[in-house]
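Inside the fold
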2 protein chains.
Amino acid sequence: MANDKKKMVEAITAQEVDFAQWYTDICTKAELVEYSSVKGFVVLRPYGYAIWENIQKNLDARFKATGHENVAMPLLIPESLLKKEGELVEGFAPEVAWVTAGGSEPLEERLAVRPTSETMFSDHFAHVLHSYRDLPMLYNQWCSVVRWEKSTRPFLRTREFWWQEGHTIHETAAEAEAETAQQLECYADFCERDLCIPVLKGRKTDKEKFAGAEATYTIEAMMKDGKALQSGTSHYFGDKFSRAYDVTFTGRDNTLQYPFQTSWGASSRLIGAIIMTHGDDDGLILPPAIAPIQVVIVPVAAHKPGVTEKAQELAAALRGDFRVKVDDSDKAPGWKFSQWEMKGVPLRIEVGPRDIEQGQCVLVRRDNREKQFVKFEDLPAAVSAALDALAAALYENAKNNREARTYTAKTLDEIKAITAEHTGFIKAMWCGDLACEEAMKEQAGLSSRCMPFEQEPISDVCPVCGKPAKKMVVWGVAY
Amino acid sequence: MANDKKKMVEAITAQEVDFAQWYTDICTKAELVEYSSVKGFVVLRPYGYAIWENIQKNLDARFKATGHENVAMPLLIPESLLKKEGELVEGFAPEVAWVTAGGSEPLEERLAVRPTSETMFSDHFAHVLHSYRDLPMLYNQWCSVVRWEKSTRPFLRTREFWWQEGHTIHETAAEAEAETAQQLECYADFCERDLCIPVLKGRKTDKEKFAGAEATYTIEAMMKDGKALQSGTSHYFGDKFSRAYDVTFTGRDNTLQYPFQTSWGASSRLIGAIIMTHGDDDGLILPPAIAPIQVVIVPVAAHKPGVTEKAQELAAALRGDFRVKVDDSDKAPGWKFSQWEMKGVPLRIEVGPRDIEQGQCVLVRRDNREKQFVKFEDLPAAVSAALDALAAALYENAKNNREARTYTAKTLDEIKAITAEHTGFIKAMWCGDLACEEAMKEQAGLSSRCMPFEQEPISDVCPVCGKPAKKMVVWGVAY
């Protein structure tokens, strides 16, 4: 058994040795993705897609509970339509894939494979919006989008990725702003409660905001290596797109008005966040809420009479409340233990002839390997408690990592000294000038992650230029 | 009220006047789709998408119950990869949309926007398949595909459409054949039970089969106008794609072998089938299993005390078991009746002050307008019974239409005489020659829909050439 286990594990690079390699090892060894024959595109394999499906189900239920409806917009966008809003097209043009022929005929106008769908939604709103009575329109779409990235990594940056994009229009600016805030909070709550990932909520600087947005809000998570991962964004557009795409409605006062718009998105990169927030040198560790399998039952000495039957019986008792799998394949138990650890299944149940004699089984937590003997009749309650405890521990550990790697600095020298030693979040003041933000990148290798909603007065002046500070910014190195 | 109703209804063309116009009227007036600014592409609006979501949920549960797993394959396919299987590329080349640039750079090799994904699945199988122990691989993907159609109609033929494509590989030909049959039966059962659409099951002729398939099986539905709609297909590929894409595994005897492959798909055109099988001059009629709203409650004299409250109370009592909406908007009841009839909601409940006094409400069926007074306490049982009765009636009516429009013919003259008068299914024998199949198209305007599993000996000879007949074919005019 020890040997079997070693054989599984030696295939993964240790986090300490090479975090980036550890990450890609997990992506393939846990069978989440496979590289495809199309450069920069991956295949989401059944286990990876099952995680994405659970994320979708959870978020979709949240969106619907607040009145959002799903729609499907065309995949391809005419260039002229894309160009109507100048900032958006400027931001996305360098990474658009262009369709130039349909069948054997060249197209009169080339079509963009959607990199994001503000243009299509705005164009649709212009067709279907008539009166203030039609507002708000609270739409969402689940789809994949294409952005021609130069260097790619599974989940974090691929030329195609899977996401949802919410697009809403409202009668007033205040309503649209409230929607933007509500959806950011939705993402934050989902990450914290269901993915066990603590997030920092704040506003992006103008440099980092979405092309065409008036304001972009973000949730930023910290990975185990101290780098930041933007995990969801929510944008307020004012009436900019409405004006560009001529979206109007007859208001309560019978005049023609422009609605106020938002968009918000979260993507399959959340799976990257899960891997790098919780994983360890034995593989993935999945938060129970989105784990395709929450409990794996491994019969030990399965050839002995009654063992496999007991495993099936325990599974049947748990199945109504939990996602359970019995691994009755012909592999050795040790091999199975390693494999399901690699795949991050939160709980393992071992049951063998001796356990059966004693009316109990062994329950093992994936995160801390804690084992407990549980009487058969107590199993459902014990599984429930162990999943809760595991989820709480994942969150706590992630929060502790973030706190240990969050620094405060008043001067550029202090900032440089920190970045020379550590990777993490650095809280520092900022005057609001683009030049100082760019200097932080050039001199300290840091980008602004966000201006947190919870501000702290670190000092009075900008560490770069010495002018009066306007905001505390959290700086970091981003994925 | 009568006027209000007229106002809603006069916007739709009657089926008798122009069936094609009636169909497109429903698509837009029932708010299923909206034309987009991209030629040949539509927007699926919330109500249309909600129907599609219910179809997805139902089919997805069926697929998973038989061990299928969802995955996601790249959207774009390199031309060289697409070309590896000659028949497939020949079949699809005329309708492929080509990506030729990524960002500002032209691509070295152009990429096809997937028209179907046999190539990507085969390429992936080649990467991940090793041993017979890995088989079967039972995969499915929900996505949209693009085919550059010349003339388009919502749901029936659009340049982008939404579908699922199942792709499986098996150790033996027999297992792959059984999968092909199982999935066809899955589609047939779904159509008949849940969409209330009777279907004919059979095999396609070589002319009509999927490009690259060894055998294509189909379910064919008949629309109200007598035309046929292919509603789902299941293909058996043998080891053709395995050989073309070098998909191999180590068999039980330790030799390298090619697996046997299937694919099967059903698409958003099922919504077109629903519209044209069940709809009437007042709009859509939705089968309860996939209706986004199964029961709409309309308060009458809603300004009177207690009426809206009672409507909400009835909704609350139904909501655990049914999808219910209370329409408490400020429109007149008659307008609401028409609107929800247009949208095909199976049941309407009317409740006003007088009903409340008598402890009852009015339950109205969408299909036959049958009204019944129901005591409040009996409502859940009455709704359940009415939905079942409506579903059974939809199926019966569709079946009656099909039977009334199914003809039998022994000679080409008989066939021509029928087609001069009627549109429907014509059962006739066939010698198996392509020339005779083409003659049926040229001389009678008919294509072979399928060779039904249930064969009937109409005559001994082919009506076109007079040679011995091999099969009974059902001929028709297809959407």
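Please read these numbers as outputs of a predicted model, since none were measured by experiment.

On a plain count of helices and strands, chain A comes out with 15 helices and 23 strands. Taking 2.2 N^0.38 as the reference for a compact globule, 479 residues should give roughly 23 Å; the C-alpha atoms of chain A span a radius of gyration of 25 Å, in line with that estimate. By its C-alpha atoms, chain A is 80 × 55 × 50 Å across when sized along the principal axes. Residues counted as buried form 61% of the 479 residues belonging to chain A. At a minimum sequence separation of 6, the contacts of chain A that also span at least 24 residues come to 68%. Each charge class in chain A was averaged separately, 57 positive and 70 negative side chains, and the resulting centres sit 3 Å apart.

So, about the pairing of strand 9 (residues 200-203) of chain B. Residue and element names in this part refer to chain B. On strand 9, burial follows the alternation: Leu200 and Gly202 on one face are buried, whereas Lys201 and Arg203 on the facing-out side are not. Relative to strand 10 (residues 215-222), strand 9 runs antiparallel, the two sharing four bridges. Among the inter-strand pairings, Arg203 is bridged to a residue of strand 10, identified as Tyr217. In this structure, strand 9 lies alongside strand 22 (residues 447-452), joined through two bridges in antiparallel fashion. Along strand 22, the bridge assignment pairs Arg203 with Met451.

What follows is about the sheet that holds strand 6 (residues 105-113) of chain B. Strand order in this open sheet of six strands is 4(A)-6(A)-5(A)-5(B)-6(B)-4(B), and the pairing throughout is antiparallel. Every other strand in the sheet has two partners, leaving strand 4 (76-78) of chain A together with strand 4 (76-78) of chain B as the edge strands with one partner each. Each strand of the sheet is rotated relative to its neighbour by a mean of 45 degrees, with strand direction disregarded. In this sheet, strand 6 of chain B lies alongside strand 4 of chain B in antiparallel orientation, the contact comprising three bridges.

Before going further, it helps to spend a moment on the interface of chain A and chain B. On the side of chain B, 53 residues touch chain A, which itself brings 53 residues to the contact. Buried area between chain A and chain B, summed over both chains or domains, comes out near 4,100 Å², and the portion from carbon and sulfur atoms is 61%. When residues of chain A are sorted by the area they lose upon contact with chain B, A:Pro46, A:Ala72 and A:Leu75 head the list and together hold 12% of the total. At the boundary of chain A with chain B, the tally comes to four salt bridges. One salt bridge in this structure joins A:Glu53 and B:Lys64, with 3.1 Å as the shortest N-O distance. Run the count over chain A and chain B and you get 19 residue pairs in polar contact (both at pLDDT 80 or more). Top contributing element to the side of chain A that touches chain B by residue count: strand 5 (residues 97-102) of chain A, with six residues. Of the residues that constitute the side of chain A that touches chain B, the class distribution is 32 nonpolar, nine polar and twelve charged. Judged from the five bridges that link them, strand 5 of chain A and strand 5 (residues 97-102) of chain B form a sheet pairing that is antiparallel. Note that in strand 5 of chain B the partner of A:Gly102 across the bridge is B:Ala97.

Once turned by 180 degrees and shifted 0.0 Å along the axis, chain A lies on chain B with an RMSD of 0.0 Å. Taken together, these values place the two copies in the relation of a two-fold axis. Relative to the rotation axis, the C-alpha of A:Val99 is the closest in chain A, positioned 2.1 Å from it. Counting the interface residues of chain A, we find that 100% of their copies in chain B are interface residues as well, pointing to one common contact surface.

Moving on, we come to helix 10 (residues 307-318) of chain A. Residue and element names in this part refer to chain A. Given a rise of 1.5 Å per residue, twelve residues ought to cover 16 Å, and the 17 Å separating the end C-alpha atoms of helix 10 matches this to within 8%. For helix 10, the complete set of buried residues consists of Val307, Lys310, Ala311, Leu314, Ala315 and Leu318. Viewed end-on, helix 10 has its buried residues packed into an arc of 140 degrees, placing them on one side of the element. Opposite the packed face of helix 10, turned more than 90 degrees from it, sit the exposed residues Glu309, Ala316 and Ala317. Packed against the buried residues of helix 10 are strand 15 (295-299), strand 16 (324-326), strand 17 (347-351), helix 12 (353-357), strand 18 (360-365) and helix 13 (379-404).

Another aspect to go through is the nonpolar core. Note that soluble globular proteins tend to have their nonpolar side chains buried in a common cluster. A:Val113 and B:Val113 are the most contacted members of the largest nonpolar core, which has 80 residues in total. Formed by 61 residues, the second largest nonpolar core is a distinct cluster that contains A:Ala188, A:Tyr217, A:Tyr236 and A:Tyr479.

Attention now goes to helix 3 (residues 46-65) of chain B. All names here are of chain B. Helix length check: helix 3 (20 residues) gives 28 Å between terminal C-alpha atoms against 28 Å at 1.5 Å per residue, within 8%. The element helix 3 is largely enclosed, with a buried count of 15 among its 20 residues. Just downstream of helix 3, Gly67 is the residue with a positive phi angle, here 85 degrees.

Bringing the sheet that holds strand 18 (residues 360-365) of chain B into the picture now. All names here are of chain B. Ordered in space as 16-15-17-18-19, the five strands form an open sheet in which the pairing is mixed. In this open sheet, the two strands that pair with only one neighbour each are strand 16 (324-326) and strand 19 (371-375). Neighbour to neighbour, the strand axes of the sheet diverge by 25 degrees on average, direction disregarded. Here helix 10 (residues 307-318) sits on the sheet and contacts strand 15 (295-299), strand 16, strand 17 (347-351) and strand 18; the angle it forms with strand 15, its principal contact strand, is near 165 degrees. On top of the sheet, helix 13 (residues 379-404) reaches strand 15, strand 17, strand 18 and strand 19; it is set at about 10 degrees to strand 18, its chief contact.

For the structure on display, the rule yields 30 aromatic pairs over all chains. Considering the side-chain rings of B:Phe63 and B:Trp264, the 5.0 Å spacing of their centres and the 65 degrees angle between planes classify their relative orientation as edge-to-face. With B:Phe63 in helix 3 and B:Trp264 in strand 14 (residues 260-267), this pair connects stretches of sequence that are 201 residues apart. Its relative accessible area of 2% is what places B:Trp264 among the buried residues. Here the aromatic rings of B:Phe237 and B:Phe241 are separated by 4.8 Å at their centres, their planes lie at 75 degrees, and the arrangement is edge-to-face. On the basis of relative accessibility, which here comes to 0%, the residue B:Phe241 falls in the buried class. Ring-pair connections join several aromatic residues into one group, and the members of that group are A:Trp52, A:Phe63, A:Trp142, A:Tyr187 and A:Trp264. In this arrangement the basic side chain of A:Lys310 is found over the ring face of A:Phe376, its NZ or CZ atom lying 4.2 Å from the centre. Here the basic side chain of B:Lys343 rests over the ring of B:Tyr47, its NZ or CZ set 4.6 Å away from the ring centre.

All right, on to the pairing of strand 21 (residues 425-430) of chain B then. Residues and elements named next belong to chain B. A large share of strand 21 lies buried, amounting to six of its six residues. Residues Phe425, Lys427 and Met429 line one face of strand 21 and the alternating positions Ile426, Ala428 and Trp430 line the opposite face, and both faces are buried. Sheet topology places strand 20 (residues 406-408) next to strand 21; three bridges connect them, and they run parallel. Bridged to Thr406 within strand 21 is Phe425. In this region the chain leaves strand 20, passes through helix 14 (residues 412-421) and returns to the parallel neighbour strand 21; the handedness of that crossover is right-handed. With five bridges connecting them, strand 21 and strand 23 (residues 471-476) associate as antiparallel partners.

So, how was this worked out
Along each chain, residues carry numbers from 1 onward, in the same order as the chain's sequence is written. Lettering of chains starts at A and numbering of ligands starts at 1, both following the order in which they are written. Per-residue local features are limited, in this predicted model, to residues with pLDDT of at least 70; the limit for side-chain atom pairs, both in listing and counting, is 80 or more; totals at the level of whole chains, interfaces and linings are taken over all residues. For the side-chain quantities, the full set of heavy atoms in the structure was used; hydrogens and water were omitted. Helix and strand assignments come from DSSP, with helices taken as H or I runs of at least 4 residues and strands as E runs of at least 2, each series counted from the N terminus. Each radius of gyration reported is based on C-alpha atoms, and the globular scaling rule is 2.2 Å times the count of residues to the power 0.38. For the exposure calls, accessible area comes from a 1.4 Å probe over protein chains only, and a residue counts as buried if that area is under 20% of its type's maximum, exposed if over 50%, partly exposed in between. Contacts are residue-level and defined by heavy atoms, with any inter-residue pair within 4.5 Å sufficient. Counting rule for charge: Lys and Arg are taken as positive, Asp and Glu as negative, and neither His nor the chain ends is counted. A single reference atom marks each charge: NZ on Lys, CZ on Arg, CG on Asp, CD on Glu. Pairing between strands is defined by DSSP: at least two bridges between them are needed. The axes used here are C-alpha line fits, helices contributing only the stretch in contact, and every angle between their N-to-C directions lies in the interval 0 to 180 degrees. Defined here as a combined quantity, buried area equals the accessible surface (1.4 Å probe) lost by two parts on assembly, summed across both. A pair is scored as a salt bridge if a Lys or Arg side-chain nitrogen falls within 4 Å of a carboxyl oxygen belonging to Asp or Glu. Side-chain atoms alone can form a polar contact between residues adjacent in sequence; in general such a contact is a pair of N or O atoms within 3.5 Å, and within protein one must be able to donate a hydrogen while the other accepts it. All amino acids are sorted into three groups, where Ala, Val, Leu, Ile, Met, Phe, Trp, Tyr, Cys and Pro are nonpolar, Asp, Glu, Lys and Arg are charged, and the leftover types, Gly among them, are polar. In this comparison the copies share one frame, found by least squares on the C-alpha atoms of residues holding pLDDT of at least 70 in both. Expected helix span is computed as 1.5 Å times (number of residues minus one). Read the arc as the range of directions from the helix axis to the C-beta atoms. Buried residues of nine kinds, namely Ala, Val, Leu, Ile, Met, Phe, Trp, Tyr and Cys, make up a nonpolar core once their side-chain atoms join them within 4.5 Å. Here the aromatic set is Phe, Tyr and Trp, taking the six-membered ring for Trp, and pairing holds for ring centres within 6.5 Å; pairs whose planes are under 30 degrees apart are stacked, those over 60 apart are edge-to-face, and all others are tilted. Comment: the charge-over-ring label is applied if NZ (Lys) or CZ (Arg) is within 6 Å of the ring centre and within 35 degrees of the ring normal. Convention used here: a crossover is right-handed provided that the path from the first strand, over the helix, to the second strand proceeds clockwise when the strands point away from the viewer.

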